[in-house]
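Reading the structure
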Amino acid sequence: MMECLDPVVFFLSGALITGGALFLWAQTRRRTAYGRYVSAEGRCCPARLGWFLQEVPAFLLPLLLLLLTGGAGGAGGAGGAGGTGRTLLLCTFMLHYFHRSFIYALRTRGRPVPLTTVLYAAIFCSLNGFLQGHHLLHCARFDHTWLSRARMAAGSLLFVVGLSINIHSDLILRRLREPGEVVYRIPHDPDPQLTVVLTWFSSGGMFHFVSGANFFGEIVEWSGYAIASWSLPTFAFAFFTVCSIGPRAFHHHRYLSVCLLHHHRDYQQRFDDYPRSRKILIPFIL
């Protein structure tokens with residue numbers, strides 16, 4: 001069984017934290033090239049192939065480590081509640097990337113992705129996939145009562161809620177355009193005559209509250225993952241997620257606005273029916 005590589009774990013975790021902070025700073029100066037902000041010039045990869053290639057390493061590397069480890073073994077003894085917990089946590093991480101690689105990637109109707117973006121994302125997913133898998137399987141230590149703790153339950157619940165919001169929001173965005181369309185539409189507020197449940201699933205979901213519902217869901221998802229596992233690598237990943245995709249909600253909300261102070265105005269000028277009460281990323285707050 002592979003020994004825990006503590007220096008590698010600390011280095012990669014530190015790199016996630018530092019890289020996240022730098023990425024956040026960079027996105028305050030200019031938008032990342034993705035979606036509507038991708039230039040037609042330069043070499044691009046079809047959206048479906050690009051998403052698959054960049055996301056699948058984060059699924060395959062932990063899976064390989066899990067198979068080579070032989071299940072729930074790891075630091076602190078094999079088997080038992082600790083070993084089961086490590087495997088469950090790693091499987092939640094893999095579940096997200098299985099969906100991204102084999103479901104979302106095959107159904108997306110997004111624009112072509114720059115090859116450089118695919119390359120950098122694939123490198124990130126490879127390193128992070130190794131970090132999360134290696135840490136949980138070979139380094140993490142949990143006592144026998146860990147699975148019954150409130151922190152594990154709360155974190156797991158947040159992960160499931162966040163994953164559900166993320167998947168549902170992506171579905172809503174995909175349904176806004178027919179195949180081949182490049183126009184942009186916004187999720188509308190519900191018809192007051194519909195029932196609550198039907199309203200939620202047939203209209204805007206979390207888009208009733210925030211412009212970046214898909215980003216909000218993913219942030220909640222990885223925050224729950226970090227709380228459940230309570231470790232440096234998982235918190236570093238959650239921090240990087242906030243820094244990398246959080247600003248995209250602001251970019252979408254202002255949509256080509258030059259000044260950050262007027263992020264709310266541009267979307268409302270482009271779409272006359274844009275709900276004035278809709279927040280950017282955090283419901284009722286921001």
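This write-up is about the structure you can find in this document. Everything numeric in this text was worked out from a predicted model, so none of it was measured.

What follows deals with the side chain of E221. By the element assignment, E221 lies in helix α8 (residues 213-229). With no salt bridge to any partner, buried E221 finds its closest opposite charge in R100, at an N-O distance of 6.8 Å. A polar atom in the side chain of E221 sits 2.7 Å from the side chain of H96. When near neighbours in sequence (up to four residues on either side) are disregarded, E221 contacts H96, L158, F159, G162, L163 and N166.

Taken together, the buried positions of helix α2 (residues 47-55) are occupied by A47, G50, Q54 and E55. Seen from one end, α2 has its buried residues packed into an arc of 110°, which puts them on one side.

Attention now moves to the environment of A105. Residue placement: A105 occurs in helix α4 (residues 80-107). Here A105 falls in the buried class, since its relative accessible area comes to 0%. Sequence separation between A105 and V56 is 49 residues; the distance between their C-alpha atoms is 9.8 Å. The residues contacting A105, other than those within four sequence positions of it, are R48, W51, F52, H99 and R100.

Turning our eyes to something else, we now look at the state of the cysteines. A covalent bond between the sulfur atoms of two cysteines is what we call a disulfide. With the rule as written, the count across this model stands at one disulfide. Disulfide pairing places C4 opposite C139 at an S-S distance of 2.1 Å. Measuring the twist about the S-S bond at about 105°, one finds the C4-C139 disulfide to be right-handed. Placement of the pair is C4 in the segment before α1 (6-27) and C139 in helix α5 (residues 115-139), with a sequence separation of 135 residues. Look at C139 and you get buried, because its relative accessible area is 11%. Just so you know, C44 is unpaired, no disulfide at all, and the nearest cysteine sulfur is the one on C45, 8.7 Å from it. With relative accessibility at 30%, the residue C44 sits in the partly exposed group.

Analysis parameters
- Residues numbered from 1 in each chain as written.
- Predicted model: local features only at pLDDT ≥ 70, side-chain atom pairs only at ≥ 80, totals over all residues.
- Heavy atoms only, no water.
- Helix = DSSP H or I, 4+ residues; strand = E, 2+ residues; numbered from the N terminus.
- Buried < 20%, exposed > 50% of the residue type's maximum accessible area, 1.4 Å probe, protein only.
- Lys, Arg positive; Asp, Glu negative; His and termini not counted.
- Salt bridge = Lys/Arg side-chain N within 4 Å of Asp/Glu carboxyl O.
- Polar contact = N/O pair within 3.5 Å; in protein donor to acceptor, adjacent residues only side chain to side chain.
- Contact = heavy atoms within 4.5 Å.
- Arc of directions from axis to C-beta.
- Disulfide = S-S within 2.5 Å.

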